[in-house]
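Residue-level structural notes
These are the residues of each chain, in order.
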Amino acid sequence: GPDFLVSAGARLTTIFLLSYLTFLAFTTVKTNLNWKDPMTFYNHILKYNRRSIRVWNNLGMAYADANELDKTINAYKEAIALDKENISAPPHHNLANAYLACGMKEEAIKEYKKAIDIDERFIYSYNNLISLYLQAGRHAEAIPILEKKLKVSPNDNVARDILNTLYKLPKK
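Report follows, based on the coordinates. Residue indices follow the written sequence of each chain, beginning from 1 at its first position. The model is predicted, so local features are restricted to residues of pLDDT at least 70 and side-chain atom pairs to those at 80 or more, both for listing and for counting; the totals for chains, interfaces and linings are taken over all residues. To obtain the side-chain values, all non-hydrogen atoms of the structure were used and water was disregarded.

1. Points about the packing of aromatic side chains
Centres within 6.5 Å make a pair out of two Phe, Tyr or Trp rings, where for Trp the six-membered ring is used; the pair is then stacked when the planes are under 30 degrees apart, edge-to-face when over 60, and tilted otherwise. For the coordinates displayed, the defined rule picks out four aromatic pairs. Plain terms: the ring middles of Phe122 and Tyr124 are 5.3 Å apart, the flat faces sit at 75° to each other, and that makes the pair edge-to-face. Its relative accessible area of 54% is what places Tyr124 among the exposed residues. Aromatic rings pair up to connect Trp35, Phe41 and Tyr42 into one cluster. Each residue gets one of three labels from its accessible area relative to the maximum for its type: buried under 20%, exposed over 50%, partly exposed in between, using a 1.4 Å probe on protein chains only.

2. Focus: the packing of helix α3 (residues 53-65) against helix α5 (residues 89-101)
Close contact between α3 and α5 brings their axes to 10 Å; oriented N to C, the two are set at 20°. Between α3 and α5, the angle is such that the two are roughly parallel. Seen from above, α3 lies across α5 with left-handed handedness. Here Ile53, Asn57 and Met61 of α3 come into contact with α5, specifically with Pro90, Pro91 and Asn94. Structural elements are reduced to axes, namely lines fitted to C-alpha atoms, with helices fitted over the stretch in contact, and the angle between N-to-C directions of any two is expressed from 0 to 180 degrees. Put simply, DSSP marks the helices as runs of H or I at least four residues long and the strands as runs of E at least two long, and each gets a number from the N terminus on. In these notes the angle categories are as follows: under 35 degrees is roughly parallel, over 145 is roughly antiparallel, 65 to 115 is roughly perpendicular, and the rest is oblique. In a left-handed crossing the near helix is turned counterclockwise from the far helix by less than a right angle, and in a right-handed crossing that turn is clockwise. In this analysis, two residues are considered to be in contact whenever any of their non-hydrogen atoms come within 4.5 Å of each other.

3. Thoughts on a nonpolar patch on the surface
Patches were defined on residues exceeding 30% relative accessible area and lacking a salt bridge, with like-charge contacts within 9 Å and nonpolar side-chain contacts (Val, Leu, Ile, Met, Phe, Trp, Tyr) within 5 Å. Accessible surface is estimated by sampling points in the Shrake-Rupley manner with a 1.4 Å probe; for residues, cover comes only from the protein chains shown. Throughout this description, the term salt bridge denotes a Lys or Arg side-chain nitrogen within 4 Å of a carboxyl oxygen of Asp or Glu. Together, Phe16, Leu17, Leu18, Tyr20, Leu21, Phe23 and Leu24 make up a nonpolar patch on the protein surface, roughly 730 Å² of accessible area in all. Note that Phe16 resides in helix α1 (residues 2-34).

4. Side note on unusual backbone geometry
A positive phi angle is found at Asn67, which is not glycine, with a value near 60°. Locating Asn67 in the fold gives a position in the loop between α3 and α4 (69-82). Here Asn67 falls in the exposed class, since its relative accessible area comes to 59%. Within the chain, Asn86 stands out as a residue other than glycine whose phi angle is a positive 55°.

5. Focus on the environment of Cys102
Note that Cys102 resides in the loop between α5 and α6 (105-118). Taking relative accessible area as the criterion, Cys102 reaches 36% and is therefore assigned partly exposed. Separated by 52 residues in sequence, Cys102 and Pro154 place their C-alpha atoms 33 Å apart. Once residues lying within four places of it in the same chain are set aside, the contact partners of Cys102 are Leu69 and Ile73.

Just geometry here; none of it tells us what the structure is for.
Here you go:
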């Protein structure tokens, strides 16, 4: 009678819930595999959206953290190629850092300059560019970068001190 129907209904409900929970567990494990590390995560996103400047830039940063410089450089170049309006400074800055890690100082200088041209408030590129110029003894090239940086960041006393020191050096 009715007890059998209740019992059968309870069994079906239990089977359905267990099946559903198994499905959810499987889906969770599968999704977690995509999150195992940043490179896997960003490459997974790129399967669905290859036009994201941010994702390519972040993938480059993940490769840089893993010291995979060829892949780092390629990811940043992809981000830059997608930036048709030339509005994203970080990929240029990060590409410059990758070039620097490879010992490609002139290429790094060009990319730091591009980052500054795109966003004059992107302080990180100023610091690295100034450092490269000073290390190479290229003081005359460091001066306009320092002056520009001080317009953007007028309270930067370190930059001001370096600039004042450079002004006092004899001209070559």
